[in-house]
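Secondary and tertiary structure notes
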Amino acid sequence: MPTASFGRSALLLLLTLSFSLTACDSSTPEPTPTPTPAPAPAPGTTGIISGRFTLPAGASGSLENARVAVYTSQAEFDQDNPLKFEASSSNGSYTIPNMNPGNYYLDVWKDNNNNSRIDGGDFYGAYTTNGTNASAFAVVANQTTTINGTVFTVTNARPVHTEAQKPMSAE
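Summary of the structure given here. (Residues numbered from 1 in each chain as written. Predicted model: local features only at pLDDT ≥ 70, side-chain atom pairs only at ≥ 80, totals over all residues. Heavy atoms only, no water.)

1. Brief notes about the pattern of salt bridges
- Going through the model one piece at a time under the given rule, you end up with three salt bridges.
- Among the ionic pairs, Asp80 bridges to Arg67, the shortest N-O distance being 2.8 Å. Taken as a pair, Asp80 in the loop between helix 2 (74-78) and strand 3 (84-87) and Arg67 in strand 2 (residues 67-71) lie far apart in primary sequence, 13 residues in all.
- The class for Asp80 is partly exposed, based on a relative accessible area of 35%.
- Overall, the relative accessible area of 15% leaves Arg67 in the buried class.
- For Arg67, the salt bridge identified is with Asp107, shortest N-O distance 3.7 Å. Of this pair, Arg67 sits in strand 2 while Asp107 is found in strand 5 (residues 102-110), placing the two residues 40 residues apart along the sequence.
- A relative accessible area of 2% places Asp107 in the buried class. (Salt bridge = Lys/Arg side-chain N within 4 Å of Asp/Glu carboxyl O. Helix = DSSP H or I, 4+ residues; strand = E, 2+ residues; numbered from the N terminus. Buried < 20%, exposed > 50% of the residue type's maximum accessible area, 1.4 Å probe, protein only.)

What follows is the structure, given as structure tokens:
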């Protein structure tokens, strides 16, 4: 009968180990905190940016899900560090709600080859008043600022505005 005795001993040892392993862990995991959402802006204290982008005449493709980004400064624009962004609809329309009054910069980019870089074949445009440099525009509380424009097809690794590109308009 030594085998039965060894079997019971082994079983008892396993039960004791499993009990002690579960009994030693008396700490209860802390519940995962749920993030507190940022409070909604007070009614009447924000503005809206909206508009529509189009492709140049003769260009084929779609601006659906193009990133329309808003920046707080020229430096943030240059570093591609947007404050907010939204995706455009299938016809190039977009709306960016709840914008605090102030001056902003805006660009639109469709990553046509999905490589997360602005490069050849992508569609790109930025709000500009002179056709070459990004320009600031104002958002006013209780008003909609409309920015419409035409994007261009990037032909090299870095988008460069050309004389042929018309400035996007702010209304």
